[in-house]
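Per-entry structural report
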Amino acid sequence: MYGDIMKYNFSEMVLYEDNHLLVVHKPTNMLSQEDNTKDLDLVNFAKSYLKIKYNKPGNVYVGLVHRLDRMTEGIIVLAKTSKAASRLSEQIRNQEWIKEYYAVVSGEVSNVTKLTHYLKHIENTKKMEPTKPGDGQKAELTFEVISKNQKYSVVDVKLITGRHHQIRVQFSLFGHPLIGDMLYGTGKKHDLMLCCHRLTIKHPTTNEIMTFET
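Here we summarise the structure given alongside this text. (Residues numbered from 1 in each chain as written. Predicted model: local features only at pLDDT ≥ 70, side-chain atom pairs only at ≥ 80, totals over all residues. Heavy atoms only, no water.)

Thoughts on the overall build of the protein
Counted only if it meets this: Per the convention used, a helix needs a DSSP run of H or I reaching at least four residues, while a strand needs a run of E reaching at least two, with both numbered from the N terminus. We take the radius of gyration over the C-alpha atoms and set the globule estimate at 2.2 Å times the residue count to the 0.38 power. Exposure categories follow from relative accessible area, calculated using a 1.4 Å probe and restricted to protein chains: below 20% of the type maximum is buried, above 50% is exposed, and the middle band is partly exposed. Whether two residues are in contact is decided by their heavy atoms: any pair within 4.5 Å suffices. Method for areas: the Shrake-Rupley scheme with a 1.4 Å probe, in which residue coverage is limited to the protein chains shown.
A count of helices and strands for the protein gives four helices and eleven strands. Radius of gyration (C-alpha) of the protein: 18 Å, near the 17 Å computed for a compact globule of 214 residues. Counting only C-alpha atoms and orienting by the principal axes, one finds that the protein spans roughly 55 × 40 × 35 Å. By residue count, 43% of the 214 residues in the protein fall in the buried class. A separation of at least 24 residues holds for 60% of the contacts in the protein among residues at least 6 apart in sequence. Surface accessibility of the protein: about 11,700 Å² in total, with carbon and sulfur atoms responsible for 48%.

Here we look at the nonpolar core
The test is simple: Nine residue types can take part in a nonpolar core, namely buried Ala, Val, Leu, Ile, Met, Phe, Trp, Tyr and Cys, and a core is a set of them joined through side-chain atoms within 4.5 Å.
Among the nonpolar cores identified, the biggest contains 49 residues, and Phe-10, Leu-78, Ile-167, Phe-171 and Ile-201 are the most heavily contacted of them. Sort the elements by how many residues they give to this core and helix 2 (residues 42-53) lands first, with six residues. For Leu-78, the residues in contact, after removing those within four places along its chain, are His-20, Leu-21, Leu-22, Val-24, Leu-42, Ala-46, Val-62, Gly-63 and Leu-64. Counting five residues, the second largest nonpolar core, distinct from the first, contains Leu-119, Ala-139, Val-169 and Tyr-184.

Points about the side chain of His-117
Applicable threshold: In protein, a polar contact requires one atom able to donate a hydrogen and another able to accept it; more generally it is a pair of N or O atoms within 3.5 Å, and residues adjacent in sequence count only if both atoms are side-chain atoms.
Structurally, the position occupied by His-117 is in strand 6 (residues 114-121). On the basis of relative accessibility, which here comes to 19%, the residue His-117 falls in the buried class. At 2.8 Å, the side chain of His-117 and the side chain of Gln-170 are in polar contact. Excluding anything up to four places from it in sequence, His-117 contacts Gln-137, Lys-138, Ala-139, Gln-170 and Leu-173.

Some details on the pattern of salt bridges
To keep things clear, this is the line we draw: The working definition used for a salt bridge is a side-chain nitrogen of Lys or Arg within 4 Å of a carboxyl oxygen of Asp or Glu.
Per the stated rule, a full pass over the model turns up twelve salt bridges. Glu-17 is paired through a salt bridge with Lys-53; the nearest N and O atoms lie 2.9 Å apart. With Glu-17 in strand 1 (residues 14-17) and Lys-53 in helix 2, the pair connects residues that are 36 residues apart, well separated along the chain.

Quick look at helix 3 (residues 82-93)
Note the threshold: In this analysis, the expected span of each helix is defined as 1.5 Å times one less than the number of residues it contains.
Across its twelve residues, helix 3 extends 16 Å between first and last C-alpha, which sits within 8% of the 16 Å expected from 1.5 Å per residue. Buried residues along helix 3 sit in contact with strand 2 (21-26), strand 4 (73-79) and strand 10 (194-202). Following helix 3 by one or two positions, Gln-95 adopts a phi angle in the positive range, close to 55°.

Examining unusual backbone geometry
A positive phi angle, close to 65°, is found at Lys-38, a residue other than glycine. Examined against the element boundaries, Lys-38 turns out to sit in the loop between strand 2 and helix 2. A relative accessible area of 43% places Lys-38 in the partly exposed class. A positive phi angle is found at Asn-124, which is not glycine, with a value near 65°. Structurally, the position occupied by Asn-124 is in the loop between strand 6 and strand 7 (128-130).

And the structure:
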């Protein structure tokens, strides 16, 4: 089922762990959650890790409260209890999390610092498309240009909303698709240049503000 599991050492992916949370750096090309491909996914990998580490005889609970696209790497917070999962999900609904991404995009980005679009799913696909207000979900992000030349720009993106494929779609609409984005860009095949490098949450039981970086 997981033919490529030996490529990864889960303990090296762990950024933080306590009785309620398991925070990991998901590598590129790993699913967040199992799909019909049956390829290696983070949730089942985490369950196997916890089962072995703590010698658990029965089923292991791992709650996935948010996702990263398969080709996106970076920080994912997993819940080790259903109570933690519920409270973390509520934080997400209330837009209490702060998510920051590094992205490499095509072209020399101008000094615009905020993007706002309205997006909706294209029927029977996983792809998003722009639409008019009232016909889709509002998508907003801010960004800072870290470096740039005539071919590429490196940007530090902070999400205001959390829509499906949001960064990929919005930068494509902005005229600067992400390097390696075969769905919304026109570039050559390449790893998707997108990484969630900083994530700030509230601990589900202590209410401590916690920031994880990779």
